[in-house]
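The lines below spell out each chain.
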Amino acid sequence: MDYEYNPNIPIYIQIMDIIKLKVLSEEWKEGDRVPSVRDLSIEFSVNPNTMQRALSELEREGLVYSERTAGRFITTDKGKINETREAMARHTIESFLKQMQKVGFTTEQIITKIKEV
Amino acid sequence: MSKNLLEIKNLLKYYGDKLAVDDLSITVEAGKIVGLLGPNGCGKTTTMKIVAGLINDYKGTVLIEGKEPGVESRSGISYLPEKTYLSDWMKVSYAIDYFADFYADFDKNKAYEILTRFQLEGNMKLKAMSKGMQEKVQLILVMARAARLYLLDEPLSGIDPAARTTMLDIVLQNYTEGSSILLSTHLIYDVERIFDSVIMMGNGKLILSDTVDNIRETSGKSVDELFREVFKC
Amino acid sequence: MLGKLLKHEFQATGRLIPFIFAAIGGLLLLTYLSTLFDIVVFTEMASMLLFACCGAAVIVTLIAVISRYAKSMFGAEGYLTNTLPVSKKSLVLSKALVAFIWLTLSFLVVIVATIVFMWFMGVFNDSFQKGFDEFLQLAGIGGTSGLIKLLIFFTAMMLVQLVVFITQVYLAITINHVAPFNKLGPGGAFVNFIVIYIFFQLIDTVLMFFVPLSLKIGGGDISLSTQPMGGSIFAASSDTMPPAIGLGSYLFNIIGIAVMFWLIIWMTKKKIALK
């Protein structure tokens, strides 16, 4: 899989976002087993330690949990997933708003524009 | 016993009057993929040759798993030089048998598997292959070994962009927690995603040594950008 | 590991040499057939080709063996050779051994081919036999037992000389890759060899003449004596071979081989910087 990574941001953060999207879009379903660090690092074409860091962070955030011998799994906690959805939405909207403001729109104009498109 | 797979302390190497490596001190831990970056003639290749055991006339300390370069370290190091070191008359299958003979950690099946992935065959003669094909064969020979330390000197330079991804995949697939890869390259942009950390050299000296994440977090730049800045090219 | 090194050395050097040996065999057969059917022109052509091939056999073997050492130790292939998990001692030894075997074989093939050729050209007839016996008497060697002793002595001497030669060549090439000699280029190896060779020749000759240990030929037998060759030269009459051959250089050669080998291994271990 060819992922284009932003060269200025640490890759592990970008991987976290990609995985979050996979979960939110249900490409990776709740309770699904997460592939091994090794396999993922090859699929994402990144350093395995980087992948390990991304997964550890996701564990810390609660989106992923690990079971001692069985491996890593996507959380079944719907609350957690919604939280993630909310956070991503907010983050995306904030970036969008910032960008639109740069282009020269006010908040009302942005809302009108959205309805138009 | 330290975690360091490779330890270099105050390395000095003269070629006549010219100082090729100037008081270099670096370490590589086990389980890391490290980039060795720098412009041509900065001492990267010389350093790798010293670790690989091709140059024994130097000052300073070089320790591979705590031992100085010798017969033992050579069995744990898989070195890919920039040049073609296989003889013209050799067939690919002969080269594979050769490696299998001398390196206990060589996996013949793996070698043939990767060969097929590159659409190459065992009975091809090196004489009849393009430089790019020869470089692929050499990479295969080096990566089909389960070595402790891989030294790859510009493994991507003669390879077309399409094959580069495959080669990086092969490098990543060979990663194990007990082994490390030291990879020198010019093509930083494509490759920096696979590095844990990078070592930058200039004029034989160490310029910087840091993790890729750190560089991106603290400077907001990619390693490639930082490199261009440092070497103003 | 030495076995594997030997195997690969033979594979690397044996791509041309066996064919020349086969050519010699083939030409011998051709010459023999042409003498059977008495086709003189054919015989002459085949004979010339045969001699050419014999010369080629030795020359090609020499070149193959010398260039193999230079290329595989210091050429591009050196990157492969010198990073193998084997000692430099095994590396150099394997190459020297294979070189020795090929060169000995090539000499053997030429000698055997020459004898066989002379045999079916009818050289070994009765008058030859008589003349040969007279020669043996004149030289004071006596019968075949003395001749055999002499042959063994000369063969041993030649084999030692061959090892000396190979070691000298290797040393010359190796020195050429050590600073500061590595600036000289390939001609430098040749110069090194000449210097080493002359050095050995000088000492050999001096030791051969003045060390009081020699092989005495005379009175129908070969034996060891403590007469220096130098002494006998001045006493011998002018129409016979020198009655004694000095052995003093032998020991020097053997020590020389060991010293040169040690130097080669030390240099390849510690002093080489491959380009």
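Treat the numbers as computed from the prediction; the structure is a model and nothing was measured.

(A) Representation of the overall build of chain B within the structure. Looking only at helices and strands, chain B features nine helices and nine strands. Computed over its C-alpha atoms, the radius of gyration of chain B comes to 17 Å, within 12% of the 17 Å expected for a compact globule of 233 residues. Seen through its C-alpha atoms, chain B measures out along the principal axes to roughly 50 × 35 × 35 Å. Looking at the 233 residues of chain B, the share that counts as buried comes to 58%. A separation of at least 24 residues holds for 70% of the contacts in chain B among residues at least 6 apart in sequence. Summed over its atoms, the accessible surface of chain B is roughly 9400 Å², and 47% of this surface lies on carbon and sulfur atoms. Within chain B, the 32 negative side-chain charges are centred at a point lying 4 Å from the centre of the 28 positive side-chain charges.

(B) Looking closely at the domain arrangement of chain A. Residue and element names in this part refer to chain A. We note that the domain assignment places domain 1 (1-76) and domain 2 (78-117) within chain A. Each of domain 1 and domain 2 has a C-alpha centre, and these two points are 25 Å apart. Listed by partner, the interface residues are eleven residues for domain 1 and six residues for domain 2. Taken over both partners, the interface formed by domain 1 and domain 2 buries close to 820 Å², and the fraction arising from carbon and sulfur atoms is 71%. Our count for the domain 1 to domain 2 interface comes out at one salt bridge. In this structure, glutamate 30 and lysine 78 form a salt bridge, with 3.0 Å as the shortest nitrogen-oxygen distance. The tally of links from domain 1 across to domain 2 stands at three residue pairs in polar contact (both at pLDDT 80 or more). No other element matches helix 1 (residues 11-24), which puts five residues into the side of domain 1 that touches domain 2. Tallied by class, residues from the side of domain 1 that touches domain 2 come to four nonpolar, three polar and four charged.

(C) Molecular detail of unusual backbone geometry. Residue and element names in this part refer to chain B. For asparagine 10, which is not a glycine, the phi torsion comes out positive at approximately 50°. Owing to a relative accessible area of 40%, asparagine 10 belongs among the partly exposed residues under this scheme. Phi at glutamate 154 takes a positive value of approximately 50°, unusual for a residue other than glycine. Residue placement: glutamate 154 occurs in the loop between strand 6 (149-153) and helix 6 (161-173). Given the relative accessible area of 6%, glutamate 154 is considered buried.

(D) Broad picture of the sheet that holds strand 5 (residues 77-80) of chain B. Residue and element names in this part refer to chain B. In spatial order, the strands read 5-6-7-3-8-9; together these six strands make up an open sheet with mixed pairing. The open sheet terminates on both sides in strands that have one partner only, identified here as strand 5 and strand 9 (205-211). Averaged over all pairs of adjacent strands, the angle between strand axes in this sheet comes to 15°, irrespective of strand direction. Relative to strand 7 (residues 180-184), strand 6 runs parallel, the two sharing five bridges. Each bridged residue has a counterpart across the sheet, and for leucine 151 the counterpart in strand 7 is leucine 182. The sheet contacts of helix 5 (residues 131-143) involve strand 5 and strand 6, and relative to strand 5 the element is tilted by about 175°. Running at roughly 85° to strand 9, helix 8 (residues 212-219) makes contact with strand 8 (197-202) and strand 9 of the sheet.

(E) Seen up close, the environment of threonine 114 of chain C. All names here are of chain C. With respect to the secondary-structure elements, threonine 114 resides in helix 5 (residues 88-120). Judged by relative accessible area, threonine 114 falls into the partly exposed class, the value being 29%. Along the chain, threonine 114 and isoleucine 175 lie 61 residues apart, while their C-alpha atoms are 38 Å from each other. From its side chain, threonine 114 meets the backbone oxygen of valine 110 in a polar contact 2.6 Å long.

(F) Region of the structure containing the pairing of strand 9 of chain B. Residue and element names in this part refer to chain B. Bridging between strand 8 and strand 9 involves six bridges; their strand directions are antiparallel. What sits directly across from glycine 202, in strand 9, is lysine 205. Between the end of strand 8 and the start of strand 9, which pair antiparallel, lie two residues, with asparagine 203 showing a positive phi angle near 55°.

(G) Representation of the sheet that holds strand 2 (residues 18-29) of chain B within the structure. Residues and elements named next belong to chain B. The strand order across the open sheet built from three strands is 2-1-4, with neighbouring strands paired in antiparallel fashion. With partners counted over all chains shown, the strands left at the sheet margins are strand 2 and strand 4 (59-64), one partner each. Strand-to-strand twist of the sheet, defined as the mean angle between neighbouring strand axes without regard to direction, takes the value 15°. Sheet topology places strand 1 (residues 4-15) next to strand 4; five bridges connect them, and they run antiparallel. From the neighbouring strand, leucine 6 faces strand 4, where its bridge partner is isoleucine 64. Against the sheet, helix 1 (residues 44-52) contacts strand 1, strand 2 and strand 4, and its axis sits at roughly 120° relative to strand 1.

(H) Inspection of the packing of helix 2 (residues 17-36) of chain C against helix 5 of chain C at higher detail. All names here are of chain C. At a closest axis distance of 11 Å, the pairing of helix 2 and helix 5 adopts a crossing angle of 0°. By the criterion of interaxial angle, the relationship of helix 2 to helix 5 is roughly parallel. On the side of helix 2, the interface is formed by Ile17, Pro18, Phe21, Ile24, Leu28, Thr31, Tyr32 and Thr35, while helix 5 contributes Trp102, Leu105, Ser106, Val109, Ala113, Val116, Phe117 and Phe120. Each residue belonging to the contact of helix 2 with helix 5 can be placed in one class, and the counts come to 13 nonpolar, three polar and no charged.

(I) Spatial organisation of the arrangement of the chains. Where the two pairs of chains in contact are concerned, the greatest contact count is recorded for chains B and C. There is a gap between chain A and chain C: no contact, and a shortest C-alpha distance of 28 Å.

Thresholds applied
Residues numbered from 1 in each chain as written. Chains lettered and ligands numbered in written order. Predicted model: local features only at pLDDT ≥ 70, side-chain atom pairs only at ≥ 80, totals over all residues. Heavy atoms only, no water. Helix = DSSP H or I, 4+ residues; strand = E, 2+ residues; numbered from the N terminus. Rg over C-alpha atoms; globule rule 2.2 N^0.38 Å. Buried < 20%, exposed > 50% of the residue type's maximum accessible area, 1.4 Å probe, protein only. Contact = heavy atoms within 4.5 Å. Areas by Shrake-Rupley, 256 points an atom, 1.4 Å probe, with all protein chains shown as cover. Lys, Arg positive; Asp, Glu negative; His and termini not counted. Charge placed at Lys NZ, Arg CZ, Asp CG, Glu CD. Domains from an automatic or database assignment. Buried area = accessible area lost by both parts, 1.4 Å probe. Salt bridge = Lys/Arg side-chain N within 4 Å of Asp/Glu carboxyl O. Polar contact = N/O pair within 3.5 Å; in protein donor to acceptor, adjacent residues only side chain to side chain. Nonpolar A, V, L, I, M, F, W, Y, C, P; charged D, E, K, R; others polar. Pairing = 2+ DSSP bridges. Axes fitted to C-alpha atoms, helices over the stretch in contact; angles between N-to-C directions. Parallel < 35°, antiparallel > 145°, perpendicular 65-115°, else oblique.

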